[in-house]
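Residue-level structure breakdown
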Amino acid sequence: MQYSDLTNPVRSCALRSIIDMNEAVECLNKIGFTEECSTIWMYDAKNTRKDCLWICLYEWAIGAPNNIPTNSTNLNPCIKCDEDKSGPIFKVVAGRTRRDSGLKSSINRPPNSIYEVTHYYY
């Protein structure tokens, strides 16, 4: 895996979708997603922006950590909004989430919510 954490690279690509959705998909492709995965991530970002823009802009402006307090599993309001508003559709279309794939991220999650998968990298 090129990135051990996808949160910031995906967020950076998602911001590009404000101006050009094709550029956002291309950015996601460069992270290593397939065209199909890049497309669902871009639509996830678009939906999150529709429902959570002002919450997320505020959290970004104040430099809020992903979890509040930092080492907890409580999501900041932006990530919580994304999870509530876009997460259900993303899970159905994408088929798997990072947690379902056993991948940790910079967003702290309860350990029992991350599926135990042994990843073999050749």
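Below you will find a few notes about this structure. (Residues numbered from 1 in each chain as written. Predicted model: local features only at pLDDT ≥ 70, side-chain atom pairs only at ≥ 80, totals over all residues. Heavy atoms only, no water.)

1. Observations concerning the state of the cysteines
- Enumeration according to the criterion identifies three disulfides in this entry.
- Each disulfide pairs two cysteine sulfurs, and for cysteine 52 the partner residue is cysteine 81, the sulfurs being separated by 2.0 Å. On the sign convention where negative is left-handed, the bridge of cysteine 52 and cysteine 81, at about -85° about the S-S bond, is left-handed. Placement of cysteine 52 in helix α3 (residues 35–61) and of cysteine 81 in helix α4 (residues 77–85) is noted, with a sequence separation of 29 residues between them. (Disulfide = S-S within 2.5 Å. Helix = DSSP H or I, 4+ residues; strand = E, 2+ residues; numbered from the N terminus.)

2. Observations concerning the nonpolar core
- Ranked by size, the top nonpolar core spans 13 residues in total, and within it Val10, Leu28, Ile31, Phe33 and Trp41 carry the most contacts.
- Those elements that provide at least two residues to this core are α1 (7–16), α2 (21–31) and α3.
- Take this core: its biggest share by element is five residues, from α2.
- Not counting chain neighbours up to four residues away, the residues in contact with tryptophan 41 comprise Val10, Leu28, Phe33, Phe90 and Arg98. (Core = buried A, V, L, I, M, F, W, Y, C linked by side-chain atoms within 4.5 Å. Buried < 20%, exposed > 50% of the residue type's maximum accessible area, 1.4 Å probe, protein only. Contact = heavy atoms within 4.5 Å.)

3. A short note on the packing of aromatic side chains
- Enumeration over the complete set of coordinates arrives at two aromatic pairs.
- Seen from their ring centres, phenylalanine 33 and tryptophan 41 are 5.3 Å apart, and the 35° between their planes marks the pair as tilted. Residue phenylalanine 33 shares its accessibility class with tryptophan 41, and that shared class is buried.
- An aromatic cluster is present here, built from Phe33, Trp41 and Phe90 joined pairwise through their rings. (Phe/Tyr/Trp six-rings, centres within 6.5 Å; stacked < 30°, edge-to-face > 60°.)

4. Re a nonpolar patch on the surface
- On the surface, Leu15, Ile18 and Ile19 cluster together to form a nonpolar patch covering roughly 360 Å² of accessible area.
- Turning to its location among the elements, isoleucine 19 is positioned in the loop between α1 and α2.
- Owing to a relative accessible area of 77%, isoleucine 19 belongs among the exposed residues under this scheme. (Patch = residues over 30% accessible without salt bridge, like charges linked within 9 Å, V, L, I, M, F, W, Y side chains within 5 Å. Areas by Shrake-Rupley, 256 points an atom, 1.4 Å probe, with all protein chains shown as cover. Salt bridge = Lys/Arg side-chain N within 4 Å of Asp/Glu carboxyl O.)

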